[in-house]
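Structure at a glance
Okay, here's what each chain looks like letter by letter:
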Amino acid sequence: RYAARSLDKLGRPGLALYYLRESVALGEPLDAAAQAQLQRELCFLYEQQADPVRALDACQRAVVGTPDAELQVRLLRLQRKAGRADAAHRTLAGLDLAAFPKVLRAAVFDEQAELDEAEGRHAESIGALRRACALEETGERLYRLGLRLRESGDLAAAEASLAAAV
């Protein structure tokens, strides 16, 4: 496992994944905390390798019994990317946003906007993006909001959002 961490820090996530999988295959005895950390590392590495299905699997094992807000947001994102909208909606409904830091609350609204947009709920998607921008305004968010506003026909608001994004 230590080799995997070193390789990840050196920018070699593919090799890091190999060593982590080998570690799991060897069946090294791990306590619950070490097992959760191993799954979390696998989740991050699989996501870096653009493998949302494996990342989701590892993330689901890592999130069990932990109130880690960042991991819960990652789970939500991976469920969406893996095409599991129903699971993403269940995760979204179960989040206690009041306990999340502002930046993670904004990320949850980003994910909600993406889910809404994929399901054709354009007005809800715009509302979620506006809530995300109210919490943490970034150029990328303003740009996405501007594009969605343009698609909805609100050209004045779209222009203002796109201009603010620059």
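These remarks concern the structure in this document. Nothing here was measured: the structure is a model prediction, and the numbers come from that model.

1. A look at the side chain of Arg141
Secondary-structure assignment places Arg141 in helix α9 (residues 139–152). The class of Arg141 is buried, set by a relative accessible area of 6%. Residues within four places of Arg141 in sequence aside, it is in contact with Ala106, Ala107, Asp110, Ala132, Cys133 and Glu136.

2. Focus on the environment of Pro101
Assignment of secondary structure puts Pro101 in the loop between α6 (85–94) and α7 (102–118). By relative accessible area, which is 41% here, Pro101 ends up partly exposed.

3. Focus: the nonpolar core
Side chains of nonpolar character tend, in soluble globular proteins, to be buried together. Counting 13 residues, the largest nonpolar core has Leu42, Cys43, Cys59, Leu71, Leu75 and Leu78 as its most contacted members. Counting only elements with at least two residues in this core, the list comes to α3 (32–48), α4 (52–63) and α5 (69–81). For this core, the element with the most residues is α4, which contributes six residues. Within the second largest apolar cluster, 11 residues are counted, among which are Ala69, Ala88, Val108 and Leu115.

4. Considering the packing of α7 against α9
Between α7 and α9, the shortest axis-to-axis distance is 12 Å and the interhelical angle comes to 30 degrees. Taken together, α7 and α9 sit at an angle that is classed as roughly parallel. Like other packed secondary-structure pairs, α7 and α9 cross with a definite hand, here left-handed. Taking contact as the criterion, the partners of Ala106, Ala107, Asp110, Ala113, Glu114 and Glu117 in α7 are, on α9, Arg141, Arg144, Arg148 and Glu151. Looking at the contact of α7 with α9, its residues break down into three nonpolar, no polar and seven charged.

5. Quick notes on α4
Over its 12 residues, α4 runs 16 Å from end to end, which matches the ideal 16 Å to within 8%, given 1.5 Å per residue. Taken residue by residue, α4 has Ala55, Leu56, Ala58, Cys59, Ala62 and Val63 as its buried positions. Contact partners of the buried residues in α4: α3 and α5.

Cut-offs applied
- Residues numbered from 1 in each chain as written.
- Predicted model: local features only at pLDDT ≥ 70, side-chain atom pairs only at ≥ 80, totals over all residues.
- Heavy atoms only, no water.
- Helix = DSSP H or I, 4+ residues; strand = E, 2+ residues; numbered from the N terminus.
- Buried < 20%, exposed > 50% of the residue type's maximum accessible area, 1.4 Å probe, protein only.
- Contact = heavy atoms within 4.5 Å.
- Core = buried A, V, L, I, M, F, W, Y, C linked by side-chain atoms within 4.5 Å.
- Axes fitted to C-alpha atoms, helices over the stretch in contact; angles between N-to-C directions.
- Parallel < 35°, antiparallel > 145°, perpendicular 65-115°, else oblique.
- Left-handed = near helix turned anticlockwise from the far one by under 90°.
- Nonpolar A, V, L, I, M, F, W, Y, C, P; charged D, E, K, R; others polar.
- Expected span 1.5 Å × (residues − 1).

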